[in-house]
Amino acid sequence: DAGITQSPRHKVTETGTPVTLRCHQTENHRYMYWYRQDPGHGLRLIHYSYGVKDTDKGEVSDGYSVSRSKTEDFLLTLESATSSQTSVYFCAISRGSGNTIYFGEGSWLTVV
Amino acid sequence: GIQVEQSPPDLILQEGANSTLRCNFSDSVNNLQWFHQNPWGQLINLFYIPSGTKQNGRLSATTVATERYSLLYISSSQTTDSGVYFCAVHTGTASKLTFGTGTRLQVTL
């Protein structure tokens, strides 16, 4: 157990509304990540963080922003949700030798 | 960017059978990890294996970095092995992993 909690776990929202997903970790890891998972695409990196207020883009960052004001929390915001952002979102941390990745349980987001 | 291909895309086994899953990647890597996603969506890290061989119970993995592939072996498969197996690689320093599209395994009684 890597001590990762995602919230909400399930959400249905309307097109055009803002949505924030929260990732909380209890073990003071430096690196945190947001991935999305879609059929046929596997998992794709949205944004990652390498410290408080230090973030960078992944391969599918358009339409998403992130913030990390505390070590333990990494927030993913969809400023104006679109149907193409319907997906399963996974938060992850890396730790140990080789920066082994550990995932949270996922957040199912449906944009209608 | 780096390309990651997994084969086969789908695999059906009877309980007790052995299997080999393959992961090919298009460039040199300094990190390779294998994951299992169970039918409930939970992603579990199986191995960190940038090179060499590791074993964990009925699972083992081998990465031949110079030839740009990794293999995941499952012996005496059980129904609980069902799910999707992903390999993921990266070449940088921040563990920005690039995932393959996975091998879906179904183990039947």
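What you are looking at is a predicted structure, and each value in this text was computed from that prediction instead of being measured. (Residues numbered from 1 in each chain as written. Chains lettered and ligands numbered in written order. Predicted model: local features only at pLDDT ≥ 70, side-chain atom pairs only at ≥ 80, totals over all residues. Heavy atoms only, no water.)

(A) Seen up close, the state of the cysteines. Evaluated as defined, the whole model comprises 2 disulfides over all chains. Here Cys 23 of chain A pairs with Cys 91 of chain A through a disulfide, and the sulfurs are 1.8 Å apart. Between Cys 23 of chain A and Cys 91 of chain A, the S-S torsion sits near -70°, and that sign places the bridge as left-handed. Placement of the pair is Cys 23 of chain A in strand β3 (residues 19-25) and Cys 91 of chain A in strand β9 (residues 87-95), with a sequence separation of 68 residues. Across the pair, Cys 91 of chain A and Cys 23 of chain A agree in class, each one buried. In this model, Cys 23 of chain B is linked to Cys 87 of chain B through a disulfide, with the two sulfur atoms separated by 1.9 Å. Residues Cys 23 of chain B and Cys 87 of chain B are joined through a disulfide that is right-handed, its torsion about the S-S bond being 70°. In this pair, Cys 23 of chain B is assigned in strand β3 (residues 19-25) and Cys 87 of chain B in strand β9 (residues 83-90), connecting sequence segments 64 residues apart. (Disulfide = S-S within 2.5 Å. Helix = DSSP H or I, 4+ residues; strand = E, 2+ residues; numbered from the N terminus. Buried < 20%, exposed > 50% of the residue type's maximum accessible area, 1.4 Å probe, protein only.)

(B) Local environment of the packing of aromatic side chains. Within the structure shown, the criterion is met by 12 aromatic pairs over all chains. Here Tyr 33 of chain A and Tyr 35 of chain A contribute two aromatic rings whose centre-to-centre distance is 6.4 Å and whose plane-to-plane angle is 35°, an arrangement assigned as tilted. When sorted by exposure, Tyr 33 of chain A lands in the same class as Tyr 35 of chain A, which is buried. Judged by centre distance (6.0 Å) and plane angle (85°), the rings of Phe 90 of chain A and Phe 103 of chain A are edge-to-face. With Phe 90 of chain A in strand β9 and Phe 103 of chain A in strand β10 (residues 100-103), the pair connects residues that are 13 residues apart, well separated along the chain. Taken together, the aromatic side chains of Tyr 31, Tyr 33, Tyr 35, Tyr 48, Tyr 50, Phe 90 and Phe 103 of chain A together with Phe 35, Phe 86 and Phe 99 of chain B make up a single cluster linked through ring pairs. Seen from the ring of Tyr 102 of chain A, Arg 95 of chain A lies directly overhead, with NZ or CZ sitting 4.3 Å from the centre. Residue placement shows Arg 22 of chain B over the ring face of Tyr 69 of chain B; its charged tip is 4.2 Å from the ring centre. (Phe/Tyr/Trp six-rings, centres within 6.5 Å; stacked < 30°, edge-to-face > 60°. Lys NZ or Arg CZ within 6 Å of the ring centre and 35° of its normal.)

(C) Quick peek at the interface of chain A and chain B. Between chain A and chain B, the contact holds 20 residues from the first and 18 residues from the second. Counting each side, the surface lost to burial between chain A and chain B is near 1600 Å², with a carbon and sulfur contribution of 58%. Considering only the surface of chain A that becomes buried against chain B, Leu 43, Ile 101 and Phe 103 of chain A emerge as the three largest contributors, covering 27% of it. On inspection of chain A and its partner chain B, the count reaches 0 salt bridges. Where chain A packs against chain B, one counts 5 residue pairs in polar contact (both at pLDDT 80 or more). (Contact = heavy atoms within 4.5 Å. Buried area = accessible area lost by both parts, 1.4 Å probe. Salt bridge = Lys/Arg side-chain N within 4 Å of Asp/Glu carboxyl O. Polar contact = N/O pair within 3.5 Å; in protein donor to acceptor, adjacent residues only side chain to side chain.)

(D) The arrangement of the pattern of salt bridges in detail. Residues and elements named next belong to chain A. The final tally for this structure, using the stated rule, is 7 salt bridges over all chains. In this structure, the salt-bridge partner of Arg 36 is Asp 38, at a minimum N-O distance of 2.8 Å. Looking at Asp 38, the relative accessible area reads 11%, which means it is buried. Members of the salt-bridge network, linked through shared partners, are Arg 22, Lys 70 and Asp 73.

(E) Examining the side chain of Ser 87 of chain A more closely. All names here are of chain A. Secondary-structure assignment places Ser 87 in strand β9. Looking at Ser 87, the relative accessible area reads 7%, which means it is buried. One polar contact links the side chain of Ser 87 to the main-chain carbonyl oxygen of Gln 37, over a distance of 2.9 Å. The contacts of Ser 87, once residues within four sequence positions are left out, are Arg 36, Gln 37, Asp 38, Ser 107, Trp 108 and Leu 109.

(F) Highlighting the sheet that holds strand β1 (residues 4-7) of chain A. Residue and element names in this part refer to chain A. Read across the sheet, 4 strands follow the order β1-β3-β8-β7 without closing on themselves; strand pairing throughout is antiparallel. For this open sheet the edge positions go to β1 and β7 (64-70), each flanked by a neighbour on one side alone. On average, adjacent strands in this sheet sit at an angle of 20° to one another, irrespective of strand direction. Here 6 bridges tie β3 to strand β8 (residues 73-78), and the two strands are oriented antiparallel to one another. Counted as the bridge partner of Cys 23 is Phe 74 from β8. (Pairing = 2+ DSSP bridges. Axes fitted to C-alpha atoms, helices over the stretch in contact; angles between N-to-C directions.)

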